[in-house]
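Observations on chain architecture
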Amino acid sequence: METLRQLPLFSTIDTDDLAQWLHAVPHRREVFRKGALIVRQDEPCRSVYCLTRGSTRMEMGEEGRGLTIDRLDAPDILASAFIFASENRFPVSVFAETECTLWIIGREAFFDFMLTHPAVMRHFVRDISDRSQFLSRKLRSFALKSLRDRFLEILRRCGRIDSVSRTARLLGVQRPSLSRLLADLLAEGIIDRTAEGGFVMNDK
């Protein structure tokens, strides 16, 4: 229970009350080894995923070949903004960067718990609001940049790009536009092509 109480969400709840509630509702505690897939992109989000130990990596695209979008360290909640959404599916695949421990709690039981514990509801709403604010700033900053700057930012963050089509979709541009940019960057020596046909930064 003490690991769960590390989350701001449950920090004000008495340990015995938390244990009594969990005993009566659907939940499970899972440990994921490093590199394991925790949830798959587009998988239904029907539970609250509480990360109490370890670090995770969020990827968009095909499993193992997607673009790294963000990272999340314990203690935190996975995809809090999507748990009660009308289209409640995970927008990304989540992988364990290190060995991770998650408590997975049924969302309806969690909703009922929030109704009787206003402090938990306040923390949950604040978490959603903070994430929305963060994404809004990130999108605004991203939208103001040129395609060149946006692509290079993604390449630096991900380390490599394996799919031009998938990257074009992520950037919201047509594949030919991105292909022309890649040709320019290759000619300028800013990026290199990998043996597999992907792209990396030229650090020389």
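Predicted model, so just to flag it, every value in this text is computed and none were measured. (Residues numbered from 1 in each chain as written. Predicted model: local features only at pLDDT ≥ 70, side-chain atom pairs only at ≥ 80, totals over all residues. Heavy atoms only, no water.)

Per the secondary structure count, the protein includes 6 helices and 10 strands. If you line up the protein on its principal axes, its C-alpha atoms span 65 × 35 × 30 Å. If you take every contact in the protein between residues at least 6 apart in sequence, the share linking residues at least 24 apart comes to 67%. Here the protein displays about 11,300 Å² of accessible surface, and carbon together with sulfur accounts for 50% of that area. Separation of charge centres in the protein, based on 31 positive and 28 negative side chains, amounts to 5 Å. (Helix = DSSP H or I, 4+ residues; strand = E, 2+ residues; numbered from the N terminus. Contact = heavy atoms within 4.5 Å. Areas by Shrake-Rupley, 256 points an atom, 1.4 Å probe, with all protein chains shown as cover. Lys, Arg positive; Asp, Glu negative; His and termini not counted. Charge placed at Lys NZ, Arg CZ, Asp CG, Glu CD.)

Glancing now at the sheet that holds strand 8 (residues 100-106). Backbone-to-backbone hydrogen bonds join strands into a sheet, with any given pair of strands oriented parallel or antiparallel. Strand order in the open sheet formed by 4 strands is 1-8-3-6, and the pairing between neighbours is antiparallel. The sheet is open, and its two borders are formed by strand 1 (27-32) and strand 6 (76-78), each paired with just one other strand. Within the sheet, the average angular offset between the axes of one strand and its neighbour, ignoring direction, is 30 degrees. Bridge count for strand 1 against strand 8 is 6 bridges, and the pairing is antiparallel. Bridge pairing in strand 8 links Arg28 to Ile104. (Pairing = 2+ DSSP bridges. Axes fitted to C-alpha atoms, helices over the stretch in contact; angles between N-to-C directions.)

Once that is clear, we can look at the packing of aromatic side chains. For the coordinates displayed, the defined rule picks out 8 aromatic pairs. When the ring of Phe10 is compared with that of Phe110, the centres are 6.5 Å apart and the planes differ by 85 degrees; the resulting orientation is edge-to-face. With Phe10 in the segment before helix 1 (15-24) and Phe110 in helix 2 (residues 107-116), this residue pair connects regions lying 100 residues apart in the sequence. Each member of the pair, Phe10 as well as Phe110, is classed as buried. Feature note: the residues Phe10, Trp21, Phe84, Phe110, Phe111, Phe113 and Phe124 constitute an aromatic cluster, connected by ring pairs. (Phe/Tyr/Trp six-rings, centres within 6.5 Å; stacked < 30°, edge-to-face > 60°. Buried < 20%, exposed > 50% of the residue type's maximum accessible area, 1.4 Å probe, protein only.)

For the rest of this paragraph, the subject is the layout of surface pockets. In this structure, the largest pocket encloses a volume near 1,000 Å³. Taken together, 36 residues make up the lining of the largest pocket; nearest its centre are Ile69, Asp70, Arg131, Phe134 and Leu135. Counting only elements with at least two residues in the lining of the largest pocket, the list comes to strand 4 (55-60), strand 5 (67-73), strand 6, helix 3 (118-143) and helix 4 (147-158). The residue makeup of the lining of the largest pocket, split by class, is 23 nonpolar, 3 polar and 10 charged. (1 Å grid on protein atoms, 1.4 Å probe; cavity = no way out; pocket = protein on both sides within 12 Å on 5 of 7 lines; lining within 4 Å. Points joined across faces, edges and corners; volume = space filled by probe spheres on them. Nonpolar A, V, L, I, M, F, W, Y, C, P; charged D, E, K, R; others polar.)

Attention shifts here to the packing of helix 4 against helix 5 (residues 164-171). Following both chains from N to C, one finds helix 4 and helix 5 inclined at 120 degrees, their axes separated by 11 Å at the closest point. By the criterion of interaxial angle, the relationship of helix 4 to helix 5 is oblique. Seen along the crossing, helix 4 lies across helix 5 with a hand that is right-handed. Facing Leu147, Arg150, Phe151 and Ile154 of helix 4, the residues of helix 5 in contact are Thr167, Leu170 and Leu171. Along the lines of polarity and charge, the residues of the contact of helix 4 with helix 5 split into 5 nonpolar, 1 polar and 1 charged. (Parallel < 35°, antiparallel > 145°, perpendicular 65-115°, else oblique. Left-handed = near helix turned anticlockwise from the far one by under 90°.)

A two-sided burial pattern is seen for strand 7 (residues 93-96), the buried positions comprising Ser93 and Phe95 on one face and Val94 and Ala96 on the other. When strand 2 (residues 37-39) meets strand 7, the two strands line up antiparallel, connected through 2 bridges. Note on strand 7: the bridge partner recorded for Val39 is Val94. Alignment of strand 4 against strand 7, held across 4 bridges, turns out to be antiparallel. Opposite Met58, over in strand 7, you have Val94 as the bridge partner.

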